[in-house]
Each structure stands twice: as C-alpha cells, then as structure tokens.
Amino acid sequence: MKQFLYIEGAYLIFSGVILLITLFVVTRPFMTVRARKRGLPAVALFLALAIALHYKVTTGRMARVKKSFEEGRPVICENRVIRKGSQSIIIRRSLGWRLEGDYFVSDAYTRPFFTARCVEYEK
C-alpha cells in the first residue's frame, strides 16, 4: 500500500480535485437530476480505472527493469539532478550499481534512482 501511495499519490490528489470540481458542477441548479446521478459516479469510475491501469503498467515496468538489471543488462534512468547535457544515465551492475528495494544505488552518486523512473535498454 505504501508503494501505491508513493507512485500514485499525485494522481490521487489530482483526482480528488477533479471530483470536487465535478461535484460542484453537477450540483448547480441548471444541471438535470440525471446529470447529478450519473456524473459523479462516471467520473469517479473513470479516474479509478485510469489510476489502477497506471499503477499496473508502472509496477510491471519496474519488475522488468529489476529483472533486466539482475540479468546484467543495462537500464536507463531519468537523471533529474543534471538538466543540462545528459538527462539520463545508464545503470549496470558491472559499473558498481546495486539494487536496494526499489532503488538503484551507487557509491559514485549521492542520490538513488527509483526503478519506476527507469526503462530497459534495448539496442
């Protein structure tokens, strides 16, 4: 559950704002009763499905990235610290990287790289 909240936290907050806006709109006097009964549940269902699909896709990619790393293949991660020049970094076990939970860690870097922000490197 902690991983879900970490990965989807921003989307949950954004969805809450969207639901509040929907609630405000469907309760206006110019909206029909039908819109009130269908509007909020429809938007809530759509947002729940979108968040669930995003979580499934993200955790699936994380599992593939971890498997690739364990097999010795390179992984490309987003480098948010350096915005000029190279915005990604290639991570390999042979270059001194190790996997600690969901993070790639190296003694050469001050910060870890979250596996959700990485992709498999394919030539």
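**Q** For this particular structure, what's the right way to read a nonpolar patch on the surface?
**A** Judged by side-chain polarity, I13, V17, I21, F24 and V25 come together as a nonpolar surface patch covering roughly 470 Å² of accessible area. On the secondary structure map, I13 appears in helix α1 (residues 2-26).

**Q** Would you mind showing me how to read the state of the cysteines here?
**A** In a disulfide, the sulfur atoms of two cysteines are covalently bonded to one another. Under the defined criterion, the tally for this structure stands at one disulfide. Disulfide pairing places C77 opposite C118 at an S-S distance of 1.9 Å. One disulfide, between C77 and C118, carries an S-S torsion of 100° and so falls in the right-handed class. Of this pair, C77 sits in strand β1 (residues 75-78) while C118 sits in strand β6 (residues 118-120), and the two are 41 residues apart along the sequence. The same class applies to C77 and to C118, which are both buried.

**Q** It is not clear to me how the pattern of salt bridges should be interpreted in this structure. Could you clarify?
**A** Working definition: two side chains of opposite charge can pair if their charged atoms are close together. Using the criterion set out here, one finds seven salt bridges in the structure. In this structure, the salt-bridge partner of D102 is K66, at a minimum N-O distance of 2.4 Å. With D102 in the loop between β3 (98-100) and β4 (103-105) and K66 in helix α2 (residues 33-70), this pair connects stretches of sequence that are 36 residues apart. A salt bridge links E70 to R93, with the shortest nitrogen-to-oxygen separation between them at 2.6 Å. Taken as a pair, E70 in helix α2 and R93 in the loop between β2 (88-91) and β3 lie far apart in primary sequence, 23 residues in all. The class of E70 is partly exposed, set by a relative accessible area of 46%. Shared partners join several salt bridges into a network, and the residues in it are R64, E71, R73 and E120.

**Q** Before we go on, may I ask you to explain the sheet that holds β3 in this structure?
**A** The strands that make up a sheet pair up through hydrogen bonds in the backbone, lying either parallel or antiparallel. The three strands are arranged β3-β4-β5 in an open sheet whose pairing can be described as antiparallel. The sheet terminates laterally at β3 and β5 (113-114), the two strands that pair on one side only. Two strands pair when backbone bridges link them, and β3 and β4 are joined in this way by three bridges, in the antiparallel orientation. Of the residues in β4, the one forming a bridge with R98 is V105. Against the sheet, α2 engages β3, β4 and β5, with an angle of about 140° to β3.

**Q** Sorry if this is basic, but what is going on with the side chain of S15 here?
**A** The topology assignment puts S15 in helix α1. Setting aside residues up to four positions removed in sequence, S15 forms contacts with L47 and I51.

**Q** Got a minute to help me understand the sheet that holds β2 in this structure?
**A** Taken together, the three strands give an open sheet; going across it, the order is β2-β1-β6, and neighbouring strands pair in antiparallel fashion. Because the sheet does not close on itself, it has two edges, and the strands there are β2 and β6. Strand-to-strand twist of the sheet, defined as the mean angle between neighbouring strand axes without regard to direction, takes the value 25°. With three bridges joining them, β1 and β6 adopt antiparallel strand pairing. Bridged to C77 within β6 is C118. Across the sheet, α2 lies against β1, β2 and β6, angled at about 60° from β6, the strand it touches most.

What counts and what doesn't
Going along each chain's sequence as written, the residues are numbered from 1 onward. With the structure being a predicted model, the display of local features is reserved for residues of pLDDT at least 70 and the display and counting of side-chain atom pairs for 80 or more, all residues being used for whole-chain, interface and lining totals. With hydrogens and water excluded, all non-hydrogen atoms of the structure serve as input to the side-chain values. Note on patches: the residues involved have over 30% relative accessible area and no salt bridge, like charges join within 9 Å, and the nonpolar side chains Val, Leu, Ile, Met, Phe, Trp and Tyr join within 5 Å. For every accessible area listed, the method is Shrake-Rupley and the probe measures 1.4 Å; residues are considered covered only by the protein chains on display. Within this document, salt bridges are pairs made up of a side-chain nitrogen of Lys or Arg and a carboxyl oxygen of Asp or Glu, the two lying within 4 Å of each other. Numbered from the N terminus, helices here are DSSP runs of H or I no shorter than four residues, and strands are runs of E no shorter than two. Here, two cysteine sulfur atoms that lie within 2.5 Å of each other are counted as a disulfide. Relative accessibility under 20% of the residue-type maximum defines a buried residue, over 50% an exposed one, and the middle range a partly exposed one, all with a 1.4 Å probe and only protein chains included. We treat two strands as partners when DSSP finds at least two bridges between them. When checking whether two residues touch, look at their non-hydrogen atoms; a contact exists if any pair is within 4.5 Å. Orientation is described by lines fitted to C-alpha atoms, with helices fitted over the stretch in contact, and by angles between N-to-C directions that extend from 0 to 180 degrees.

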